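# Residue-level structural notes
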Amino acid sequence: MFLPLFRKCLLYFHAKGKVLEVGAGTGRNLNYYSFSSNKNRGGGVDEVILTDISEEMLRQAREKVKQHKNKDRFKLFVADAKEMTMYYPEDSFDTVVDTFGLCSFDDPVQVLKELQRICKPGGKILLLEHGRSKSCGPLTNYLDKTAERHAKNWGCVYNRDLDSILKESGVIVETLHTWHFGTTYYVVCRPGIAAGSGCSGSGDL
């Protein structure tokens, strides 16, 4: 409930310039980006790079891009989110986006560290995620009891402690709102790890 609205608000109001979206999946966010009237003229999104570890999911996203009015502004390729500096140098993007991916990545902290390195110092990291509730004990207990089965069936660990993940990754949180009894996180961050800090990027929705 309300997830399309959350996606639209996050991307329409905060995504600017050259954008990287990791864990892009089948392209659910395509229609929520607000593109600038002229590429590289500012005032909106200039281009969006969509990546995902799954070729099958990106195949579906490619079909959606073909029908998009700004199809020339998108690029897609298969990539591992925790190794993005294999593909792009540090400080490459004005905005980095991940929606409902931290639950699926093997090492969400490492992914966030990698995203900080490829985001420009004045850029934004936009996250829409789900995780552990801090405000509803019965719901948290249910998520804990069913998390292993859910992860096995769907590849999603939906009871991760997002507050701890954000803190450990070193991102600087500018805006954080939660909904759905504290399980849905809407987060606007900026990089807290300087490029070239020596954190290794080697080591995915």
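Look up: the structure comes first, before these words.
Keep in mind that this is a model prediction, so the values were computed, not measured.

### Regarding the overall build of the chain
On a plain count of helices and strands, the chain comes out with five helices and seven strands. Walking the chain from its N terminus toward its C terminus, one meets helices and strands in the order α-β-β-α-β-β-α-β-α-α-β-β. Radius of gyration (C-alpha) of the chain: 16 Å, near the 17 Å computed for a compact globule of 205 residues. Based on the C-alpha atoms only, the size of the chain along its principal axes is roughly 50 × 40 × 30 Å. In the form shown here, the chain has an accessible surface area of approximately 10100 Å², with 51% of it arising from carbon and sulfur atoms. Of note, the chain has its 28 positive side-chain charges centred 6 Å away from the centre of its 25 negative side-chain charges.

### Things to note about the packing of helix α3 (residues 108-118) against helix α5 (residues 162-169)
Relative orientation of the contacting elements α3 and α5 amounts to 45°, with a least axis distance of 9 Å. It follows from the interaxial angle that α3 and α5 lie oblique. The element α3 and its partner α5 pack so that their crossing is right-handed. Residues P108, V109, L112, K113 and Q116 of α3 lie in contact with α5, whose contacting residues are I165, L166, E168 and S169. In terms of residue class, the contact of α3 with α5 is made up of five nonpolar, two polar and two charged.

### A closer look at α3
With respect to burial, α3 is a largely interior element, 10 of its 11 residues being buried. Three or more residues of α3 are buried, namely P108, V109, Q110, V111, L112, E114, L115, Q116, R117 and I118. Those residues of α3 that are buried lie in contact with β1 (17-22), β4 (93-99), β5 (119-130) and α5.

### Digging into the pattern of salt bridges
A pair can form between side chains of opposite charge whenever their charged atoms are brought close. Evaluation of the coordinates by the stated rule reveals 12 salt bridges. K134 is the partner of D161 in a salt bridge, and the nearest nitrogen-oxygen pair spans 3.0 Å. Placement of the pair is D161 in the loop between α4 (137-154) and α5 and K134 in the loop between β5 and α4, with a sequence separation of 27 residues. Classification of D161 as partly exposed rests on a relative accessible area of 26%. One network of salt bridges, with partners in common, ties together K124, E174 and R190.

### Overview of the nonpolar core
Among the nonpolar cores identified, the biggest contains 26 residues, and L20, M84, L115 and L127 are the most heavily contacted of them. With residues up to four places along the chain from it excluded, the contact list for M84 reads L20, V22, T51, F77, A79, E114, L115 and I118. Core analysis: the second largest hydrophobic core is formed by 24 residues, V19, F35, A61 and L128 among them.

About the criteria used
- Residues numbered from 1 in each chain as written.
- Predicted model: local features only at pLDDT ≥ 70, side-chain atom pairs only at ≥ 80, totals over all residues.
- Heavy atoms only, no water.
- Helix = DSSP H or I, 4+ residues; strand = E, 2+ residues; numbered from the N terminus.
- Rg over C-alpha atoms; globule rule 2.2 N^0.38 Å.
- Areas by Shrake-Rupley, 256 points an atom, 1.4 Å probe, with all protein chains shown as cover.
- Lys, Arg positive; Asp, Glu negative; His and termini not counted.
- Charge placed at Lys NZ, Arg CZ, Asp CG, Glu CD.
- Axes fitted to C-alpha atoms, helices over the stretch in contact; angles between N-to-C directions.
- Parallel < 35°, antiparallel > 145°, perpendicular 65-115°, else oblique.
- Left-handed = near helix turned anticlockwise from the far one by under 90°.
- Contact = heavy atoms within 4.5 Å.
- Nonpolar A, V, L, I, M, F, W, Y, C, P; charged D, E, K, R; others polar.
- Buried < 20%, exposed > 50% of the residue type's maximum accessible area, 1.4 Å probe, protein only.
- Salt bridge = Lys/Arg side-chain N within 4 Å of Asp/Glu carboxyl O.
- Core = buried A, V, L, I, M, F, W, Y, C linked by side-chain atoms within 4.5 Å.

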